[in-house]
Amino acid sequence: MTTYTFLEDCRTQMKWFADNGYQFDALVTDPPYHIESIVKRFGKTKQSDNTKTSEDARNGSHQFARLSKNFMGQDWDAGKISFEADTWKLAFDILKPGGYLLAFNDTRSYHKMAWAIEQAGFEVRDTLTWLYSTGFAKNHEQFNGQGTQLTPCQELICMARKPFKGTIKSNIIKHGTGAINIEPCRLESGRHPGNVLHDGGDEVLQVFNKYGESIDRFFYSAKASKEEKEDYNNHPTVKPIALMHYLIQMVTPEGGTVIDPFMGSGSTGVAAVNAGYGFYGIEKSREYHAIAVQRIGKAIENKKTGEQNVSSLW
């Protein structure tokens, strides 16, 4: 299958695709969440403030200094590209009729992204929840047992579809798109796939057990391990290959091509290669694009030799 990566702003590249008649079967991506910085929430540290904490924040040594650049201190998470309908309209234009879009976001900002996706012309069909037990709360102030934030334990995934004319059956015959691939996504127990996914962490399992729910009812994917990320990968929000594999398979027709306009370090691309799908990835960061190319290239070589990343098997 064809695999391409592009070092470019996704809006520029998607417009080029649209202008040149490219159409993809599905779009699966993990865009910037635009988690606002501590500076925006609490104001800048004044130069006239001579406290030790303020001095440390100004010179970058304080624990909150890194938050002044948005999530994990990363510049790429600043801005609002995920909340702009124009971004998703470009995605709309390069998907086939009936093509699905799956996009991650944070619980605090998901609604802004979903609204923008809907404004671009997509039908929001569902919201998937990925539960995990490795989050940590970033309380900025504490007094008398009070804080400012709950521990994050989930990420949301917007499932949207490009409208089409006629019936599902006629659209599948013509374009191959429009339906969810139920059979290949059935759980090990044989159950119909659901909209709750989990990482198998102890805390998640305790909650399921407490309410008598069988964990076999939900898709399992642990967070990406150090081995899966590779030593050279310093991207802070690497998604598990198994999770991306599952999502791609859910919405992409067999032998189809998926695009990821916010490729990051390339987990979507690795999963697509492992599962036999075509892949187009766009990343504007030269550093992360290079990491993605290395990871995807390794997956292609492993595919040729019959090997496969163990984390992609589920």
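Residues numbered from 1 in each chain as written. Predicted model: local features only at pLDDT ≥ 70, side-chain atom pairs only at ≥ 80, totals over all residues. Heavy atoms only, no water.

### Observations concerning the overall build of the chain
Turning to step 1, where the next piece is worked out: If you tally the helices and strands in the chain, you get eleven helices and nine strands.
Turning to step 2, where the next piece is worked out: Counting across all 314 residues of the chain, residues that qualify as buried make up 47%.
Turning to step 3, where the next piece is worked out: Contacts in the chain between residues far apart in sequence, at least 24 positions, make up 75% of those at least 6 positions apart.
Turning to step 4, where the next piece is worked out: Counting every atom, the chain has about 16100 Å² of accessible surface; 49% of that belongs to carbon and sulfur. (Helix = DSSP H or I, 4+ residues; strand = E, 2+ residues; numbered from the N terminus. Buried < 20%, exposed > 50% of the residue type's maximum accessible area, 1.4 Å probe, protein only. Contact = heavy atoms within 4.5 Å. Areas by Shrake-Rupley, 256 points an atom, 1.4 Å probe, with all protein chains shown as cover.)

### Observations concerning the side chain of T129
Turning to step 1, where the next piece is worked out: Within the element layout of this structure, T129 appears in strand β4 (residues 123-131).
Turning to step 2, where the next piece is worked out: Sequence-distant contacts of T129, that is, excluding residues within four places in its chain, are made with Q154, E155, L156, N195, V196 and L197.

### What to know about the pattern of salt bridges
Turning to step 1, where the next piece is worked out: What the rule picks out here adds up to twelve salt bridges.
Turning to step 2, where the next piece is worked out: With its nearest N and O atoms 2.9 Å apart, the salt bridge here joins D19 to K15. Highlighted residues: D19 and K15, both in helix α1 (residues 10-19), separated by four residues, approximately one helical turn.
Turning to step 3, where the next piece is worked out: Classification of D19 by relative accessible area gives exposed; the value is 54%.
Turning to step 4, where the next piece is worked out: We note a salt bridge from K239 to E155, for which the minimum N-O separation is 3.2 Å. Note that K239 is positioned in the loop between α8 (226-229) and α9 (241-251) and E155 in strand β5 (residues 154-161), a separation of 84 residues in sequence. (Salt bridge = Lys/Arg side-chain N within 4 Å of Asp/Glu carboxyl O.)

### Side note on the pairing of β4
Turning to step 1, where the next piece is worked out: Looking at chain direction, β4 and β5 are connected through eight bridges and run antiparallel. If you follow W130 over to β5, its bridge partner there is E155.
Turning to step 2, where the next piece is worked out: Across three bridges, β4 lies against strand β6 (residues 196-198) in parallel orientation. Bridge assignment links L131 to a residue of β6, and that residue is H198. (Pairing = 2+ DSSP bridges.)

### What about the nonpolar core?
A general trend in soluble globular proteins is that nonpolar side chains are found buried together.
Turning to step 1, where the next piece is worked out: By size, the foremost hydrophobic cluster in this structure holds 35 residues, and its most contacted members are V28, F104, L197, L247 and V251.
Turning to step 2, where the next piece is worked out: For this core, the secondary structure elements donating two or more residues are β2 (24-29), β3 (95-105), β4, β5, α9, α10 (267-275) and α11 (286-305).
Turning to step 3, where the next piece is worked out: Sort the elements by how many residues they give to this core and α9 lands first, with eight residues.
Turning to step 4, where the next piece is worked out: Those residues in contact with V251, other than ones at most four positions away along the chain, are D25, A26, V28, Y100, L102, M159 and N181.
Turning to step 5, where the next piece is worked out: With 30 residues, the next largest nonpolar core counts F6, L90, L95 and A114 among its residues. (Core = buried A, V, L, I, M, F, W, Y, C linked by side-chain atoms within 4.5 Å.)

### A word on the confidence of the model for the chain
Low pLDDT means the predicted atomic positions in that stretch should not be read closely.
Turning to step 1, where the next piece is worked out: Put simply, the chain has an average pLDDT of 82, and 74% of its residues get 70 or more.
Turning to step 2, where the next piece is worked out: Ignoring residues within four places in sequence, the model shows residues 37-73, a span with pLDDT below 50, making 50 contacts including any to other chains.
Turning to step 3, where the next piece is worked out: With pLDDT under 50 throughout, residues 310-314 is counted as low confidence; its partners more than four residues away or in other chains account for 17 contacts. (pLDDT = per-residue confidence, 0-100.)

### Considerations on α9
Turning to step 1, where the next piece is worked out: Within α9, eleven of the eleven residues are buried, which leaves the element mostly enclosed by the surrounding structure.
Turning to step 2, where the next piece is worked out: Within the span of α9, buried status applies to I241, A242, L243, M244, H245, Y246, L247, I248, Q249, M250 and V251.

### Here's the deal with the packing of α1 against helix α4 (residues 85-93)
Turning to step 1, where the next piece is worked out: At their nearest, the axes of α1 and α4 sit 9 Å apart, and the two run at 30 degrees to each other. Crossing of α1 against α4: the hand is left-handed. On the side of α1, the interface is formed by R11, M14, K15 and A18, while α4 contributes T87, L90, A91 and D93. (Axes fitted to C-alpha atoms, helices over the stretch in contact; angles between N-to-C directions. Left-handed = near helix turned anticlockwise from the far one by under 90°.)

### Concerning the packing of α9 against α10
Turning to step 1, where the next piece is worked out: Interaxial distance between α9 and α10 falls to 8 Å at its minimum, and their mutual angle equals 65 degrees. In this structure, the crossing between α9 and α10 has a hand that is right-handed. Mapping the contact onto sequence places I241, M244, H245 and I248 in α9 and S267, T268, V270, A271, A272, N274 and A275 in α10.

### Notes on the packing of aromatic side chains
Turning to step 1, where the next piece is worked out: Overall, the coordinates contain 15 aromatic pairs when judged by the stated rule.
Turning to step 2, where the next piece is worked out: Judged by centre distance (5.3 Å) and plane angle (85 degrees), the ring pair of F6 and F17 falls under edge-to-face. Linking F6 in strand β1 (residues 3-7) with F17 in helix α1, this pair joins segments that are eleven residues apart in sequence. The burial state of F6 is the same as that of F17; both residues are buried.
Turning to step 3, where the next piece is worked out: Aromatic side chains W16 and Y22 sit 5.5 Å apart centroid to centroid with 45 degrees between the ring planes, which places their arrangement in the tilted category.
Turning to step 4, where the next piece is worked out: On the basis of relative accessible area, W16 is assigned to the partly exposed category, the value being 41%.
Turning to step 5, where the next piece is worked out: With a relative accessible area of 31%, Y22 lands in the partly exposed category.
Turning to step 6, where the next piece is worked out: Among the aromatic residues, those joined into a ring-pair cluster are Y4, F6, W16, F17, Y22, F24 and Y280.
Turning to step 7, where the next piece is worked out: Between K162 and the ring centre of F92, over which it is positioned, the NZ or CZ distance is 4.8 Å. (Phe/Tyr/Trp six-rings, centres within 6.5 Å; stacked < 30°, edge-to-face > 60°. Lys NZ or Arg CZ within 6 Å of the ring centre and 35° of its normal.)

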